[in-house]
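Fold and contact review
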Amino acid sequence: MGKQLTKAEEQIMQVLWSLSEASVKEVIAELPTPKPAYNTVSTIIRILETKEFVGHKTKGRGYVYFPIIEKSNYSNQSLHKLMNGYFGGSFKSMVSFFMKENKMDIQELESILKEVEKNSKK
């Protein structure tokens, strides 16, 4: 899975991840106002299906869509892309950048390092 999502696609995925499954109307209901047109959301969902992020099943006379890719998998991939693209693949330089910019405290740094350690053992 090397596909990146556009901002609009990611917005739809966030809704599907939080609802587990939804019709186009249910997705629109979760989006901020001004609400996008039904056709717009429907088109984005179809693009997400071709990118293999979303699947569908028939429910009544319509479709219900559901995420195929877990949010954690996508988040991990996005983090690696960010690290490789902006920090030369160095986790250390990425963390030090965020510490300088965001004035990260020791507890935050420690919890990030624990998370990384836990994930690297999988």
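Residues numbered from 1 in each chain as written. Predicted model: local features only at pLDDT ≥ 70, side-chain atom pairs only at ≥ 80, totals over all residues. Heavy atoms only, no water.

**Quick notes on the overall build of the protein chain**
For the protein chain, the helix and strand inventory stands at six helices and two strands. When its helices and strands are written in sequence order, the protein chain yields α-α-α-β-β-α-α-α. Seen through its principal axes, the protein chain has C-alpha atoms that stretch 55 × 35 × 25 Å. Seen as two clouds, the 18 positive and the 14 negative side-chain charges of the protein chain have centres 3 Å apart. (Helix = DSSP H or I, 4+ residues; strand = E, 2+ residues; numbered from the N terminus. Lys, Arg positive; Asp, Glu negative; His and termini not counted. Charge placed at Lys NZ, Arg CZ, Asp CG, Glu CD.)

**Here we look at the packing of aromatic side chains**
Per the stated rule, a full pass over the model turns up three aromatic pairs. Among the aromatic residues, ring-to-ring pairing joins Trp17, Phe53 and Tyr74 into one connected group. (Phe/Tyr/Trp six-rings, centres within 6.5 Å; stacked < 30°, edge-to-face > 60°.)

**Notes on the environment of Phe66**
Inspection of the secondary structure puts Phe66 in strand E2 (residues 62-67). Here Phe66 falls in the partly exposed class, since its relative accessible area comes to 27%. In this structure, the C-alpha to C-alpha distance between Phe66 and Phe53, residues 13 residues apart in sequence, is 8.6 Å. Not counting chain neighbours up to four residues away, the residues in contact with Phe66 comprise Ser20, Glu21, Phe53, Val54, Gly55, His56 and Lys57. (Buried < 20%, exposed > 50% of the residue type's maximum accessible area, 1.4 Å probe, protein only. Contact = heavy atoms within 4.5 Å.)

**Some words on the confidence of the model for the protein chain**
Chain-level statistics for the protein chain give a pLDDT mean of 84 and a share of 93% at 70 or above. The least confident element of the protein chain is helix H6 (residues 106-120), whose mean pLDDT is 74; the most confident is helix H2 (residues 24-30), at 96. (pLDDT = per-residue confidence, 0-100.)

**A closer look at the pairing of strand E1 (residues 54-59)**
Pairing of E1 with E2 involves six bridges; the strand directions are antiparallel. Bridged to Lys57 within E2 is Val64. Where E1 folds back on E2, the antiparallel hairpin that results is connected by two residues, among which Gly60 adopts a positive phi of roughly 65 degrees. (Pairing = 2+ DSSP bridges.)

**Quick look at the environment of Leu31**
Relative to the helices and strands, Leu31 resides in the loop between H2 and helix H3 (38-50). Take Leu31: its relative accessible area is 7%, and that puts it in the buried class.

**Here we look at the packing of helix H1 (residues 7-19) against H3**
Close contact between H1 and H3 brings their axes to 10 Å; oriented N to C, the two are set at 90 degrees. Looking at the two axes, H1 sits roughly perpendicular to H3. In contact with Ala8, Glu9, Ile12 and Met13 of H1, H3 contributes Val41, Ile44, Ile45, Ile47 and Leu48. Its residues assigned to classes, the contact of H1 with H3 shows eight nonpolar, no polar and one charged. (Axes fitted to C-alpha atoms, helices over the stretch in contact; angles between N-to-C directions. Parallel < 35°, antiparallel > 145°, perpendicular 65-115°, else oblique. Nonpolar A, V, L, I, M, F, W, Y, C, P; charged D, E, K, R; others polar.)

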